[in-house]
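Fold and geometry: a report
Listed here are the chains, written in short residue letters.
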Amino acid sequence: MSEPPFENIGSTPSGKEPSQARMAQGVSAAASLVQQAALIVGDISDNMGIVLTTALLFANPDRSELVVDIEALVSALLTARTTGRVASAATWLQDWARDEGLAFILRQPPDTANLVPVLSRSVVGQVLPRAVEIRDLTMSGEPEPLGLRHLMFALAERQAAQWPPLKDGGHPSSERLAALRALIVARTRRTPLKDEDVAAWQALVAEGPSTAPPPPPAERTPLLSDSPATVDELGRKPLADALAARLVRLQRDEAASAQPKAVMVHLHGPWGSGKSSLVRFLEDTLTAQDPPWLVVEFNAWRNARVKPPWWNMLTEFKRALDRRLPWWRRRWLDLRWAWVSPSVENVYMVAGGLLALAAAAFAGSTITGVIEKWQGTLGGIITATGVAISFLRAPMLGGRRAAESFDALRTDSFRPFITLFDMLVTECPCPVLIVLDDLDRCDAGTVTDLLEGIQTLFRGQPVVFLAVADRYWITASFAQRFSLFEDGGDKARPVGDLFLDKMFQVSVTIPALPVAVKRAYLGRLLGAAETDLPEEARLPETAVRHEEIQAAIAAAPEEQRPALRAQAVARLSTAAADKVVEHRLLRWVSYIEPNPRGMKRLVNAIGMTQARSLLEGRVVDFDAIVLWTILELRWPRAAAAITADPALIDAEGQGPETLQAAWRDPLFQKIAGELDEVQVRALIGTADEDEDGEDAGAAA
C-alpha cells in the first residue's frame, strides 16, 4: 500500500488519526464554521461540510480565534478518507501528490478549548468567492451546492506559499499546481455531474497567452460586455456605500418601531447609465454587514408573463433564503410553504412528512433523535413524496398555473401571499433587500401591479425594496393606468408624479461622470497604460458641513480629489450628518411639507443630492441644494423642464404647460425666486466646459 502524501497527522507525529475525544470537542466549532461558509456561498455539499469540519484539526490558533486558512483546507483534503462519499474528489488531490512525489508536513491538531473558529480573510475574500464563480461558470440549470472540485480548483489557483510546506523544504511549484488544475479538469471530464459544462472546465485551463507581438492600439480595442461591472472604474462604489449606510439605518429604525413598515427606494437613471453596476456594488456592501444582508434579485421583465407579478418575487425570495438556512430549517420552511398552497398535492406532501415523523416517533425514537439519525432519509421521504405527487398531478405552488389559479381557489385571494411573505421574513435571520430590476422594460400594467402589490400586501415587514428604473417610465405607467384622473387635475403635479412621490422614501439618481473620469475610463477601454495611483489623502476631521467639505477638496491636489470625494460621501451618509441637515433646514421650514414622512424624505433626498454633486465634482451652494431638492420632489415635471433649459428658472410663465402650471403656485414662485440660472447649471451639471474639457464648475 502506498504511503500517504503527508506527515505529522494527529496528536503525535506517528501518523495516527485524531482521537474521537478531540473530534467530539470540535462538534460545536464545526457547526459554527459550516454556517460561516454557508453565509458566503449558500448551499454546500455534504463533502464540503466534512472537509470544513476536518480543517479544524489543522487550523491556526491566533489569540482567541481558531483560524481555518488555505493551509488547513488543503490539509483536510489531503487527509480525507479514500473510501466513502467524500473520496470522489479529494482523492484527486492525493493522487496528484503521490504522482508528483510530494510529501507535505501538516500542522499538529490545536487545542480548541475557548477558541472561536473563523475562516481566514483569504478564504472568505478569495477562495470561497472564486469557488462559487467556478461553480457558476461550469454548471447550468438549477443552482447546485458548492462541491469539492470547485474548492480544490480555487485552492490550486492560490500562491504555493499558502499551502502546507513540503518535507523536502519549500512549497509546490506553480508548474505542479498547474498540473493539479489540469488533473481536476481531466477527472471532471470522466465523471461530470448533472448539468456540468465540461467545455467550461476546459476553458479554465486554456493555453497561456500567445508570444506573438500585440497589434497596434487602434486594432486591439476589446469587445466589451454589457454586464454589470464588478470593478469600480467609474467611481460608483462611494455612492453605493452611502446608499447602503442610509438603508441600514432606515431598516434598523423600521425593525425597532412598534409598527414596522417596508422601506421603498427608487434608483433612477436612463438605460445604460450604470444602474445595475451600482446595484452590484450596493449588494457587495450590504452582504459585508454584520449580519450579512440577504439580497434577493428579482428581474421584473423576465417574470412579466406570470400574473400576479409579485408571485415569482416570492419564489425568488424563498430560493435566496434557502441558501442561508440549515437543512432542517429548509425542510420545515418547505412544509409550511406547502401548507399555504391551495393545491391538493402540497397537502399530501405535508401529510407525508408528518406521517414519516409520527411513524419514527411511534417506533420509540424522539423527534430530535429521528432528525439526527435520519436527516437525509427523512428529507428524501418528504421531498420524494411531494415530487411524486406533483409529477402525477398538477404543478405545486410556485408555477405559473398555480399562481394564476389563486383567485379561483381562494375567497381571500391575497391572504396567502401576505402569509407567505410574512413567513419568509420571520424565518430570515438578517435584514432583506429585494431588488426589482428592469422595471423600465415592463409594460405599464406590470409596473403598476408590482409596485401597488408591494405597497398594499407587503408593507407590514421591515424589508427594503429597491426599484431600479427610469423615473419617467414609472410615472408614465401610473399616468396610463389612471388616465381618467388626469382631466381636471393639477397640471403641475400629474397623477403619475403623485404616485412616485407617495411610494418611495428615498430616491437616488445615477450621477453624471466628470470629464476626467470619462477620459480615464475611455483610455482603459482602448488599452492605454495605467498611471500610478496617487498618494492616499484623508479628509480633515473638522470638515463636517457641506461648504467645509467642498473647501477641503478644492485645496487638495487634483489627483487626490477622487479619494477625498469618496470619503466625503461616506461622511455625509451618517446619522450625525443628517442631524446637521435637519438643523439647517429650519431656515426653509415654511417651504417644507408639514408632515414627518415628507420631512424624512426631504432629508434623505438632500443627502443623496449632496453625494451626487460631490461625486460629479461640482461646487454647489448648500442652500441651492435644499431649494432645488424641494422643487424637484414637489414639481418633478417642472424640474425636468428647467433641467432641459436652465434659463427657464428666470423666465416666469414660459416653457411647457407643466412648468407654466407650477408658476401659478405661490410656493413654487418663492422657491424658484431663490434660485438663478447659474445655480441650476451647477446643480444639474450643465456648466460650460473649458478648453481642456474639464467642467468650469469642477474645482472640487
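Before any of the text, the structure's been laid out above.
In this text, all values refer to a predicted model and were calculated from it rather than measured experimentally.

1. Here we look at the sheet that holds strand S7 (residues 294–299)
- The strand order across the open sheet built from five strands is S7-S8-S9-S6-S10, with neighbouring strands paired in parallel fashion. Of all the strands in the sheet, just S7 and strand S10 (506–509) have a single pairing partner and so form its edges. Between one strand axis and the next, the sheet turns by 20° as a mean value, whatever way the strands run.
- Pairing between strand S8 (residues 432–437) and strand S9 (residues 464–468): four bridges, direction parallel. Bridged to Ile 434 within S9 is Phe 465.

2. Things to note about a nonpolar patch on the surface
- Taken together, Leu 39, Ile 40 and Val 124 make up a surface patch of nonpolar side chains, about 190 Å² in accessible area.
- Position of Leu 39 relative to the elements: it lies in helix H2 (residues 27–41).
- By relative accessible area, which is 32% here, Leu 39 ends up partly exposed.

3. Observations concerning the sheet that holds strand S2 (residues 60–62)
- Taking strand neighbours across the sheet as the criterion, the three strands line up as S2-S3-S5 in an open arrangement whose pairing is mixed. Bordering the open sheet on either side are S2 and strand S5 (116–119), each of which pairs with just one other strand. Within the sheet, the average angular offset between the axes of one strand and its neighbour, ignoring direction, is 35°.
- By the bridge criterion, three bridges tie S2 to strand S3 (residues 65–68) in an arrangement that is antiparallel. By the bridge assignment, Asn 60 is partnered in S3 with Val 67.

4. Considering the pairing of strand S6 (residues 263–268)
- The element S6 is largely enclosed, with a buried count of six among its six residues.
- In terms of strand pairing, S6 meets S9 through five bridges, oriented parallel. In the sheet register, Val 265 faces S9, and the bridge partner there is Leu 466.
- Looking at chain direction, S6 and S10 are connected through four bridges and run parallel. Its bridge partner lying in S10, Val 265 is registered against Val 506.

5. Focus on empty space enclosed by the protein
- Overall, the coordinates contain two cavities of 30 Å³ or more when judged by the stated rule.
- Of the pockets and cavities examined, the largest cavity occupies roughly 220 Å³.
- Taken together, 17 residues make up the lining of the largest cavity; nearest its centre are Arg 471, Ser 507, Arg 601, Glu 632 and Leu 633.
- Contributions of two or more residues to the lining of the largest cavity are made by helix H21 (495–503), S10, helix H26 (596–615) and helix H27 (622–634).
- Here the lining of the largest cavity takes five residues from H26, the largest share from any one element.
- Per-class residue counts for the lining of the largest cavity are six nonpolar, five polar and six charged.
- Reported here for the second largest cavity is a volume of approximately 60 Å³.
- The wall of the second largest cavity is formed by Val 544, Arg 545, His 546, Leu 572, Ala 577, Val 580, Val 581, Arg 584, Gln 610 and Phe 622.
- Looking at the lining of the second largest cavity element by element, the count peaks at four residues for helix H25 (residues 575–584).
- Tallied by class, residues from the lining of the second largest cavity come to six nonpolar, two polar and two charged.

So, how was this worked out
Here the residue numbers are simple positions, counted from 1 along each chain's written sequence. Confidence filtering applies because this is a predicted model: local features only for residues at pLDDT of at least 70, side-chain atom pairs given and counted only at 80 or more, and all residues used for totals across whole chains, interfaces and linings. The side-chain numbers reported here are obtained from all heavy atoms of the structure, hydrogens and water having been left aside. Pairing between two strands is assigned when DSSP locates at least 2 bridges connecting them. A run of H or I in DSSP becomes a helix once it reaches four residues, and a run of E becomes a strand once it reaches two; helices and strands are each numbered from the N terminus. Whenever a helix is involved, its axis is fitted only over the stretch in contact; in every case the axis is a line through C-alpha atoms, and angles between N-to-C directions fall within 0 to 180 degrees. A residue counts toward a patch only above 30% relative accessible area and without a salt bridge, and it is joined to like-charged neighbours within 9 Å or, for Val, Leu, Ile, Met, Phe, Trp and Tyr, to nonpolar neighbours within 5 Å. For the accessible areas, the method is Shrake-Rupley and the probe is 1.4 Å, while residue cover comes only from the protein chains on display. For this analysis, a salt bridge means a side-chain nitrogen from Lys or Arg found within 4 Å of a carboxyl oxygen belonging to Asp or Glu. Between buried and exposed lies partly exposed: a residue is buried under 20% and exposed over 50% of the maximum accessible area for its type, with that area taken using a 1.4 Å probe on protein chains only. Grid points spaced at 1 Å over the protein atoms alone were grouped into cavities, where a 1.4 Å probe fits but cannot get out, and pockets, open sets with protein on both sides within 12 Å along at least five of seven lines, with lining residues defined by an atom within 4 Å of a point. Grid points are joined across faces, edges and corners, and a volume is the space filled by probe spheres set on the points. Nonpolar residues are Ala, Val, Leu, Ile, Met, Phe, Trp, Tyr, Cys and Pro. Charged residues are Asp, Glu, Lys and Arg, and all others, Gly as well, are polar.

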